[in-house]
Number of protein chains: 2
Amino acid sequence: MTLARSVLKWILLSLPLGVLVGSACALFLGALERATELRFEYPWLLYLLPLGGALIGWIYWSFGQSVEAGNNLIMDEIHEPGGGVPLRMAPLVLIGTIATHLFGGSAGREGTAVQMGGSIASGIARWVPGLKPDDVRNLLMAGIAAGFGGVFGTPVSGMIFAMEVLAIGRMSYAASLPCLVASIVSDQTCTAWGIGHTHYRIVSILPVESGLHLAPLDAWRLFAAALAGVLFGLTSLLFAEMTHGLHAAFKSLIRWPILRPVVGGCLVILLVWIVGTRDYLGLGVTSPDPAAVTIVSCFEPGGAHAFSWFWKVIFTAVTLGSGFKGGEVTPLFFIGAALGNVLAGIFNVPVDLFAGLGFVAVFAGATNTPIACTVMAVELFGGENIVYFAVACQLAYLFSGHSGIYLSQRIGTPKL
Amino acid sequence: MTLARSVLKWILLSLPLGVLVGSACALFLGALERATELRFEYPWLLYLLPLGGALIGWIYWSFGQSVEAGNNLIMDEIHEPGGGVPLRMAPLVLIGTIATHLFGGSAGREGTAVQMGGSIASGIARWVPGLKPDDVRNLLMAGIAAGFGGVFGTPVSGMIFAMEVLAIGRMSYAASLPCLVASIVSDQTCTAWGIGHTHYRIVSILPVESGLHLAPLDAWRLFAAALAGVLFGLTSLLFAEMTHGLHAAFKSLIRWPILRPVVGGCLVILLVWIVGTRDYLGLGVTSPDPAAVTIVSCFEPGGAHAFSWFWKVIFTAVTLGSGFKGGEVTPLFFIGAALGNVLAGIFNVPVDLFAGLGFVAVFAGATNTPIACTVMAVELFGGENIVYFAVACQLAYLFSGHSGIYLSQRIGTPKL
């Protein structure tokens with residue numbers, strides 16, 4: 001009876017959370033799409049990136065010092081409940097991210113979604129009377145799940161991500177029900193608002209008549225997936241170290257916080273000039289230029305250059321390290337898919353499969369969430385190749401070191 | 001460098017483990033198939049079940065008292081390393097299980113596979129010099145993964161099962177690499193020996209042209225899946241309590257261990273006579289009788305009777321509680337699929353989907369491994385319906401209580 005009441009309580013708490021976060025995700029994704037279209041339409045917007053940076057810097061300096069830590073603040077509140085996550089985090093990160101993308105910063109979405117989820121969850125926790133600290137913690141985890149599940153359209157990996165991301169090498173089930181409900185409801189709400197997600201295709205080698213649900217394994221491909229997994233993990237490590245390093249460098253070299261993204265914006269413009277392409281700006285999911293390198297193009301042979309992955313690391317580290325807003329995950333998808341594209345050529349294996357492996361595995365390494373990423377691959381690419389995905393994600397996880405992009409992540413079980 | 005050496009060490013240890021356990025699984029599955037065929041061919045074999053029970057009882061009493069605890073012994077050795085798992089566990093459980101199935105006991109396969117995996121892993125641990133207690137623990141976990149992945153043909157859920165089963169509500173990643181390698185190699189080895197697995201079909205509602213990998217959700221079906229999940233969980237609880245209760249009752253009522261399975265065998269014969277069908281004997285995956293209730297028939301409308309699930313609970317609890325060998329998992333598949341079949345009629349939802357939900361969710365509840373079971377559904381039924389599977393498995397997990405079928409499982413994080 002206590003159990004039934006507890007389950008009912010969590011369903012009743014998670015439903016509105018999912019609806020609110022899913023709606024916030026829909027608003028965010030809609031605005032993001034419009035911002036990206038505008039950037040494609042008016043290429044000169046890029047030259048306003050330093051100005052946009054100044055704006056973001058000023059807004060966060062004036063109103064957002066308490067929420068500057070972003071995802072880490074939410075994780076800290078879960079580890080050691082303190083003052084809660086301020087509600088202002090949601091609008092600030094939303095505005096900051098849209099501005100970042102409008103002017104061409106290289107950033108992602110999951111940070112924004114997770115922060116909106118966390119701050120809405122914290123808001124609900126303040127309004128509902130009689131919640132205990134453990135309840136607030138569960139609600140915050142559900143907020144992470146709702147943000148992740150909603151923004152990527154992957155409800156099951158949204159739940160697992162929230163359960164897996166708090167501690168390296170350990171998954172805790174305390175909040176599994178609220179995470180699952182909030183993530184599914186958020187995804188459904190976001191879809192109900194008319195938001196679609198990009199569809200990726202990995203051409204299945206399984207004829208429907210076979211009745212099989214797992215693609216037969218090929219020894220060489222499996223070995224290549226493992227080797228690629230190691231490289232994906234080292235790339236995660238490089239990305240995390242470079243983002244943290246640039247962040248620290250900006251902080252120590254430029255005292256005035258508002259100036260940091262201004263300098264970062266100038267550096268991004270300089271990078272565009274050096275590399276001679278705008279392919280590494282923004283989300284990078286699609287481009288009006290059919291010859292551009294995008295996440296989608298990485299699934300086709302020849303869809304990425306040998307060092308596309310590296311340039312995306314640099315562009316993103318400069319953008320985020322200097323104080324622009326967004327997330328790391330979509331750039332990590334890009335970096336992984338581009339590296340996978342190149343490795344497929346070297347290893348003589350299917351390009352779409354290895355782009356997909358990189359897509360999830362670099363992310364798995366950088367966030368230390370190999371199981372969420374394996375399940376995400378099922379939700380995004382289908383289940384037939386789950387063994388390859390599990391192998392690449394596990395090895396990326398093992399080789400990405402103990403830091404990752406979230407500094408508030410704790411070590412639950414040390415890696416090998 | 002240490003990491004690369006450690007990874008190499010674990011790959012080198014897990015490869016032979018996977019080959020050996022996969023071969024043992026192939027031998028076991030081949031013998032099991034032959035035993036089941038013989039039982040179908042010679043129906044009078046059922047009347048020898050008490051004699052078979054006496055044989056199993058005598059063998060375990062004479063040679064197997066150190067390995068009687070089965071799966072729990074392996075889990076105890078992982079929690080608190082002691083004298084290791086005796087190598088004799090593998091042949092004893094193999095012989096005991098084949099005899100159980102030859103004469104018509106209602107039992108499964110995973111216990112046998114996991115015990116063969118654990119004892120082979122423990123054997124390797126004794127032969128390889130210089131292993132530390134933590135290494136032995138990891139190797140034992142890899143043995144569990146290899147047994148599970150090999151016997152069911154589900155390598156990724158084999159890995160996750162081994163990581164998830166030791167403690168309720170907590171997954172630990174310490175042995176993830178050895179578990180993954182051993183599970184994949186075991187599955188591949190078993191397949192290479194010519195062993196096939198039963199293919200289940202859940203007719204996808206996704207047209208291939210849609211480019212989607214997740215079936216669109218339907219609110220009523222999702223609600224029905226959640227409600228069914230609760231019932232699946234309560235069924236897991238019933239199954240676990242009944243098996244433990246009968247085990248204790250046999251132990252206290254019948255002093256002489258050899259006599260217990262003799263009585264149990266007589267009770268199974270009596271049950272066949274009462275229920276008037278042999279459908280609940282053995283594995284129950286298939287039957288030569290096209291009108292029989294089997295796991296496969298449960299995926300078709302009308303493929304199970306209203307109380308098929310209940311009778312399978314009774315048959316299995318009597319078989320295993322009295323000392324026959326095998327496992328609980330395939331009967332749990334049967335129980336869940338049969339209950340799902342009936343619930344689908346009541347809720348007016350697709351029979352194949354709900355049979356599949358029950359198949360994995362009753363197992364998830366009884367072993368407290370909701371994520372392994374969600375991934376198992378992807379490996380057995382495809383990924384399109386993963387959200388339904390996650391919902392049913394999570395709710396079954398929440399409603400199955402804190403005991404489960406493995407008494408050596410610890411509580412990592414209490415349920416809601």
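Residues numbered from 1 in each chain as written. Chains lettered and ligands numbered in written order. Predicted model: local features only at pLDDT ≥ 70, side-chain atom pairs only at ≥ 80, totals over all residues. Heavy atoms only, no water.

## A word on the overall build of chain A
Here's step 1: Within chain A, the regular secondary structure consists of 15 helices and 3 strands.
Here's step 2: At 20 Å, chain A has a C-alpha radius of gyration in line with the 22 Å of a compact globule built from 416 residues.
Here's step 3: Here chain A, with 416 residues, has 65% of them falling under the buried criterion.
Here's step 4: Looking at chain A alone, contacts between residues at least 24 apart form 79% of all its contacts between residues at least 6 apart.
Here's step 5: In the structure as shown, chain A presents an accessible area of about 14,400 Å², 67% of it carried by carbon and sulfur atoms.
Here's step 6: Of the side chains in chain A, 20 bear a positive and 22 a negative charge, and the two mean positions are spaced by 10 Å. (Helix = DSSP H or I, 4+ residues; strand = E, 2+ residues; numbered from the N terminus. Rg over C-alpha atoms; globule rule 2.2 N^0.38 Å. Buried < 20%, exposed > 50% of the residue type's maximum accessible area, 1.4 Å probe, protein only. Contact = heavy atoms within 4.5 Å. Areas by Shrake-Rupley, 256 points an atom, 1.4 Å probe, with all protein chains shown as cover. Lys, Arg positive; Asp, Glu negative; His and termini not counted. Charge placed at Lys NZ, Arg CZ, Asp CG, Glu CD.)

## Focus on the pattern of salt bridges
Here's step 1: Applying the stated criterion across every chain, the model contains 10 salt bridges over all chains.
Here's step 2: For the salt bridge of D134 of chain A with R137 of chain A, the shortest nitrogen-to-oxygen distance reads 3.2 Å. Placement of both D134 of chain A and R137 of chain A in helix α6 (residues 133-152) is noted, with a separation of 3 residues, approximately one turn of the helix.
Here's step 3: A residue is classified by how much of its surface remains accessible, and D134 of chain A, at 47% relative accessible area, is partly exposed.
Here's step 4: With relative accessibility at 26%, the residue R137 of chain A sits in the partly exposed group.
Here's step 5: Linking K325 of chain B and E68 of chain B is a salt bridge whose minimum nitrogen-to-oxygen distance equals 3.8 Å. (Salt bridge = Lys/Arg side-chain N within 4 Å of Asp/Glu carboxyl O.)

## Some points on the interface of chain B and chain A
Here's step 1: Taken together, the contact pairs 53 residues of chain B with 54 residues of chain A.
Here's step 2: Summing both partners gives a buried area of about 4,600 Å² for chain B against chain A, and 74% of it is carried by carbon and sulfur.
Here's step 3: Looking only at chain B, the three residues that lose the most surface to chain A are Y173, H213 and L416 of chain B, adding up to 17% of its buried area.
Here's step 4: At the surface where chain B touches chain A, the tally comes to 0 salt bridges.
Here's step 5: One can count 15 residue pairs in polar contact (both at pLDDT 80 or more) joining chain B with chain A. (Buried area = accessible area lost by both parts, 1.4 Å probe. Polar contact = N/O pair within 3.5 Å; in protein donor to acceptor, adjacent residues only side chain to side chain.)

## Concerning a nonpolar patch on the surface
Residues and elements named next belong to chain A.
Here's step 1: A cluster of nonpolar side chains, namely L55, W58, W61, F63, W256 and L259, defines an oily patch on the protein surface of about 640 Å² accessible area.
Here's step 2: With 4 residues, helix α2 (residues 49-63) is the single largest residue contributor to the nonpolar patch.
Here's step 3: Within the secondary structure, F63 is located in helix α2.
Here's step 4: For F63, a relative accessible area of 44% corresponds to the partly exposed category. (Patch = residues over 30% accessible without salt bridge, like charges linked within 9 Å, V, L, I, M, F, W, Y side chains within 5 Å.)

## Let's talk about the relation of the copies chain B and chain A
Here's step 1: By a simple turn and slide, chain B fits onto chain A: the slide is 0.0 Å along the axis, the RMSD is 0.0 Å, and the turn is 180°. One copy is carried onto the other by what is essentially a two-fold rotation axis.
Here's step 2: The overlap is high: 100% of the interface residues of chain B also sit at the interface in chain A, so the same surface is used on both sides. (Least-squares fit on C-alpha atoms with pLDDT ≥ 70 in both.)

## Digging into the domain arrangement of chain A
You'll often see interface size given as the accessible area lost when the parts meet.
Residues and elements named next belong to chain A.
Here's step 1: What the domain assignment reports for chain A is domain 1 (7-192) and domain 2 (214-411).
Here's step 2: On a C-alpha basis, the centres of domain 1 and domain 2 stand 21 Å from each other.
Here's step 3: On the domain 2 side, the residues contacting the 51 residues of domain 1 number 52 residues.
Here's step 4: A combined buried area of about 4,300 Å² lies between domain 1 and domain 2, and 65% of that area is made up of carbon and sulfur atoms.
Here's step 5: Among the residues of domain 1 in contact with domain 2, S106, E164 and I168 are the three that bury the most area, contributing 17% of the side total.
Here's step 6: There are 2 salt bridges connecting domain 1 and domain 2. (Domains from an automatic or database assignment.)

## Quick word on the environment of F307 of chain A
Here's step 1: Mapped onto the elements of the fold, F307 of chain A is located in the loop between α10 (259-275) and α11 (308-321).
Here's step 2: A sequence separation of 28 residues divides F307 of chain A from I335 of chain A, and the C-alpha atoms of the two residues are 9.6 Å apart.

## Overview of empty space enclosed by the protein
Residues and elements named next belong to chain B.
Here's step 1: With the rule as written, the count across this model stands at 5 cavities of 30 Å³ or more.
Here's step 2: As for the largest cavity, its lining consists of R109, V151, F152, H197, T198, Y200, F333, F359 and L380.
Here's step 3: Its residues assigned to classes, the lining of the largest cavity comprises 6 nonpolar, 2 polar and 1 charged.
Here's step 4: Formed jointly, the lining of the largest cavity draws a minimum of three residues from each of two domains, domain 1 (2-192) and domain 2 (208-411). (1 Å grid on protein atoms, 1.4 Å probe; cavity = no way out; pocket = protein on both sides within 12 Å on 5 of 7 lines; lining within 4 Å. Points joined across faces, edges and corners; volume = space filled by probe spheres on them. Nonpolar A, V, L, I, M, F, W, Y, C, P; charged D, E, K, R; others polar.)

## Considering the packing of aromatic side chains
Here's step 1: Scanning the entire structure with this criterion turns up 46 aromatic pairs over all chains.
Here's step 2: Summarising the aromatic geometry, the rings of Y200 of chain A and F359 of chain A are spaced 5.1 Å apart at their centres and angled 65° between planes, so their arrangement reads as edge-to-face. Here the residue Y200 of chain A occupies a position in the loop between α8 (176-192) and α9 (219-253), and F359 of chain A occupies one in helix α13 (residues 351-367), the gap between them amounting to 159 residues.
Here's step 3: Both rings, one in W309 of chain B and one in F310 of chain B, keep their centres 5.9 Å apart while their planes meet at 75°; by these two values the pair is edge-to-face.
Here's step 4: Since its relative accessible area comes to 17%, W309 of chain B is described here as buried.
Here's step 5: For F310 of chain B, a relative accessible area of 28% translates into the label partly exposed.
Here's step 6: Aromatic ring contacts, followed pair by pair, group F148, F152, F161, Y200, F299, F333, F359, F363, F381 and F389 of chain A into a single cluster.
Here's step 7: One residue, K325 of chain A, lies across the ring of Y60 of chain A, its end atom 4.1 Å from the ring centre.
Here's step 8: The ring of Y397 of chain A carries the charged tip of K415 of chain A above its face, separated from the ring centre by 4.4 Å. (Phe/Tyr/Trp six-rings, centres within 6.5 Å; stacked < 30°, edge-to-face > 60°. Lys NZ or Arg CZ within 6 Å of the ring centre and 35° of its normal.)

## Details of the nonpolar core
Here's step 1: Core analysis: the biggest nonpolar cluster contains 300 residues, and F354, F359 and F381 of chain A together with F354 and F381 of chain B have the highest contact counts within it.
Here's step 2: Leaving out residues up to four positions away in the same chain, F354 of chain A has contacts with R221, A224, A225, A228, F232, G340, A344, F347 and V349 of chain A. (Core = buried A, V, L, I, M, F, W, Y, C linked by side-chain atoms within 4.5 Å.)

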